Amino acid sequence: MQKTIVWFRKDLRLHDHQALWEASQNGSVIPIFIWPHEEHHLLSGEASLWWLHHSLLALQEEFKEHYGVDLIIRKGNSLDILIEVMEDTGANALYFNERYEPFAIKRDHYVIESLNKIGVDIRTFHSNLLYNPFTIANLSGDPYKVFTPFWKRCLNESISRPLPRPSLLNGIDKVVSTIEVAELGLLPTIRWDEKLHCYWQPGEKGAISVWELFIQKDLHSYKTGRDYPSLQAGSRLSPHLAWGEISPRAMWYSLEMEQSHIPMNEQIEAYKRQLIWREFGYYQLVHFPTISKAPLRPAFEHFPWDENQDNLLKWQKGETGYPLVDAGMRELWETGTMHNRVRMVVASFLVKHLLIPWTYGAKWFQHTLVDFDLANNSMGWQWVTGSGLDSAPYFRIFNPITQGEKFDRDGEYIRKWVPELTKLPNPYIHRPWTAPSELLKSVGIKLNETYPLPIIDHDFARKRALAAYDKIK
Ligand SMILES: Cc1cc2nc3c(=O)[nH]c(=O)nc-3n(C[C@H](O)[C@H](O)[C@H](O)COP(=O)(O)OP(=O)(O)OC[C@H]3O[C@@H](n4cnc5c(N)ncnc54)[C@H](O)[C@@H]3O)c2cc1C
């Protein structure tokens, strides 16, 4: 009988897990998660590792509850550990779902090559994406560089039905050496993370309940509401997707079910489009693997950046004097996430108002986001900067004041995250420095004491950014 090691990585779920499903049909299964020495400094920041810790505990529990099988946890070099577990258990097969980060692809090739040499049966699957990014190309056989044709092409590809959670899983009789999740050392040493429990429930159960609630409650107003940060109209599934606690194929399938009642529903179409943006992020990471490190438009290599550390710190702490930017940065620090529109505004502010390199912003997001994802984060930052393939033109500079006036008209989001401005009436909530001094006094605000003055003037910053761009055009 075949004994298969199923290697869990960024696919911490039991439903629609193709590697697990196939292994379960072929004999007994040895599920393992390895915290890999060769990559962990590259993988995630503290918030995302907090997520991983709890997600692993949840997956262990799921294995116990449904199958009475242990999820083996180990840390070290992936290949060495896989070989060790094979020797210990007599396993003769290895199944896993593909990852797409350049370092993971390289490592996986090495693992496959090495294990093939000793006769291990290896099978890999594309279970974390809707489409296999290696097989999608334009008519000339080249990778797509623009989103809309990519999206149209994707819609012509079929997506197979998601697989159920295996009803039965045969473990093995032998006890395999494992460690506690806590021994992986994923939690921060200074325990700032306790507050994250108020906002999130990592694990597959949490993912499924967020998804089901979203479909019942918010999907049908998604397009209308998604740009307004105080409405919380997004699904908030991104950290669950980042760790693979829910499969995009299962999500797509339930969207299709919803659409079978209401065809061409534009709210559902809008949500599908965002899932395809996620695919496009991975697609770019596969075909343009330098996206996480260097501008995809080479002209940006000569951009006159200003690496002002004081301004970087003020941006990180949410002390720029622009309420919408500060609200976003403080939401991020408190909750590990930030609304998508506000991500665009704060990123644009860093890169275009302050001229600080986008890689610094991407690094801060990597450190603080629970949904950090190398593909989406790199694409998001290059999009805002204008240095990506299909990105916002550089001359489109988000105005943090009018963005606030348009998308947080009543200042509800700002008041939630910048409490020192709570009593400031509209429209001054978006530009406190223009409020009459009597008014400021009456609501207890002393500019530059209780709330900062803008660290840079918007009109000046806009002109300076355009002049900098002119130099590389
Ligand atoms: C500068 C910048 C950095 C970003 N960094 C990340 C990141 O590290 N990880 C991450 O998952 N997303 C990132 N995004 C994309 C987006 O902001 C988040 O996916 C979204 O805010 C998550 O909220 P949600 O789950 O409620 O999304 P929904 O609106 O409910 O969308 C559903 C899903 O679609 C995907 N999605 C939505 N918008 C985008 C997008 N613009 N690009 C790619 N995929 C998208 C996500 O997986 C999301 O969970 C970034 C965007 C910007 C502008």
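Residues numbered from 1 in each chain as written. Predicted model: local features only at pLDDT ≥ 70, side-chain atom pairs only at ≥ 80, totals over all residues. Heavy atoms only, no water.

### Focus: the pattern of salt bridges
Applied cut-off: Here, a salt bridge means any Lys or Arg side-chain nitrogen found within 4 Å of an Asp or Glu carboxyl oxygen. Categorising residues by exposure relies on relative accessible area from a 1.4 Å probe, with only protein chains included: less than 20% of the type maximum marks a residue as buried, more than 50% marks it as exposed, and the intermediate range marks it as partly exposed. A run of DSSP states H or I qualifies as a helix once it reaches four residues; a run of E qualifies as a strand once it reaches two. Both are numbered from the N-terminal end.
One pass over the structure, following the stated rule, counts 20 salt bridges. In this structure, D218 engages K217 in a salt bridge whose closest nitrogen and oxygen atoms are separated by 3.6 Å. With relative accessibility at 57%, the residue K217 sits in the exposed group. One salt bridge in this structure joins K223 and E266, with 3.6 Å as the shortest N-O distance. Of this pair, K223 sits in helix α8 (residues 222-225) while E266 is found in helix α11 (residues 266-287), placing the two residues 43 residues apart along the sequence. Bridged by salt links that share partners, the residues R9, R107 and D108 form one connected network.

### Some points on the packing of aromatic side chains
As a reminder of what qualifies: Two aromatic rings from Phe, Tyr or Trp, using only the six-membered ring of Trp, form a pair when their centres are within 6.5 Å; if the ring planes differ by under 30 degrees the pair is stacked, by over 60 it is edge-to-face, and anything between is tilted. The rule for a charge over a ring is simple: NZ of Lys or CZ of Arg within 6 Å of the ring centre, and within 35 degrees of the ring normal.
Using the criterion set out here, one finds 35 aromatic pairs in the structure. Considering the side-chain rings of W50 and W51, the 6.0 Å spacing of their centres and the 75° angle between planes classify their relative orientation as edge-to-face. Take W50 and W51: they sit in the same class, and that class is buried. Aromatic ring contacts, followed pair by pair, group Y144, F147, F150, W151, W277, F280 and Y283 into a single cluster. Positioned above the aromatic ring of Y95, the side-chain terminus of R123 is 5.4 Å from the ring centre. Above the face of the W200 ring, R236 is positioned so that its terminal group lies 4.5 Å from the ring centre.

### Things to note about the domain arrangement of the chain
Defined as follows: Where a domain begins and ends is set by an automatic assignment or by a domain database. Contacts were defined at the residue level, with two residues in contact if any of their heavy atoms lie within 4.5 Å. When two parts are brought into contact, each loses some accessible area as probed by a 1.4 Å sphere; the total of that loss over both is the buried area.
Taken domain by domain, the chain comprises domain 1 (2-127), domain 2 (129-160 + 205-287) and domain 3 (298-472). Here domain 1 and domain 2 have C-alpha centroids that lie 25 Å from each other. Residue-level contacts link 22 residues of domain 1 with 20 residues of domain 2. Approximately 1800 Å² of surface area, both sides summed, lies buried where domain 1 meets domain 2, with 59% of it carried by carbon and sulfur atoms. Three residues stand out in domain 1 for area buried against domain 2, namely W51, Y100 and H126, and they jointly supply 36% of the buried area on that side. Counting the contacts that link domain 1 with domain 2 gives three salt bridges. Salt-bridge contacts for E65 lead to K205; the nearest nitrogen and oxygen are separated by 3.1 Å. Secondary-structure elements contributing two or more residues to the side of domain 1 that touches domain 2 are α3 (46-67) and α5 (102-117).

### Observations regarding the packing of helix α10 (residues 248-261) against α11
Our working definition: To get an axis, a line is fitted to the C-alpha atoms, and for a helix only the part in contact is used. The angle between two axes follows their N-to-C directions and goes from 0 to 180 degrees. Should an angle fall under 35 degrees it is called roughly parallel, over 145 degrees roughly antiparallel, and 65 to 115 degrees roughly perpendicular, with every other angle called oblique. Note: crossing handedness is left-handed where the near helix turns anticlockwise from the far helix by less than a right angle, and right-handed where it turns clockwise. Residues are grouped as follows: Ala, Val, Leu, Ile, Met, Phe, Trp, Tyr, Cys and Pro are nonpolar; Asp, Glu, Lys and Arg are charged; every other residue, Gly included, is polar.
Running from N to C, α10 and α11 point in directions that differ by 165°, and their axes come no closer than 10 Å. It follows from the interaxial angle that α10 and α11 lie roughly antiparallel. Relative to α11, the crossing made by α10 is left-handed. In contact with P248, M251, W252, L255, E256, E258 and Q259 of α10, α11 contributes I268, E269, Y271, K272, L275, I276 and R278. Among the residues forming the contact of α10 with α11, the class breakdown is eight nonpolar, one polar and five charged.

### Concerning the sheet that holds strand β2 (residues 27-36)
Our working definition: For two strands to be treated as a pair, DSSP must find at least two bridges joining them.
Ordered in space as β3-β2-β1-β4-β5, the five strands form an open sheet in which the pairing is parallel. Two strands close off the open sheet at either side, each with one partner strand: β3 (72-76) and β5 (121-125). Adjacent strand axes in the sheet meet at a mean angle of 25° when their direction is disregarded. Sheet strands touched by helix α4 (residues 78-89): β1 (2-8), β2, β3 and β4 (93-97). Its angle to β2, the strand with the most contacts, is close to 150°.

### Quick word on helix α1 (residues 18-26)
Along α1, the residues that are buried comprise Q18, A19, L20, A23 and S24. Looking at the packing, one finds that the buried side of α1 touches β1, β2, α3, β4, β5 and α10. Positioned one or two residues after α1, G27 has a phi angle of 145°, which is positive.

### Here's the deal with the packing of helix α13 (residues 323-335) against helix α15 (residues 358-368)
Two elements in contact, α13 and α15, have axes whose closest approach is 9 Å; the angle formed by their N-to-C orientations is 35°. When α13 is examined against α15, the residues M329, L332 and W333 are found in contact with a partner set consisting of W364, F365 and T368. Here the contact of α13 with α15 is composed, by residue class, of five nonpolar, one polar and no charged.

### Here's the deal with unusual backbone geometry
Looking along the chain, the bond that leaves N426 and enters P427 is cis, with omega of 0°. On the secondary structure map, P427 appears in the loop between α18 (412-417) and α19 (437-442). Despite not being glycine, Q232 has its phi angle at roughly 50°, a positive value. Summarising the element assignment, Q232 is placed in the loop between α8 and α9 (238-242).

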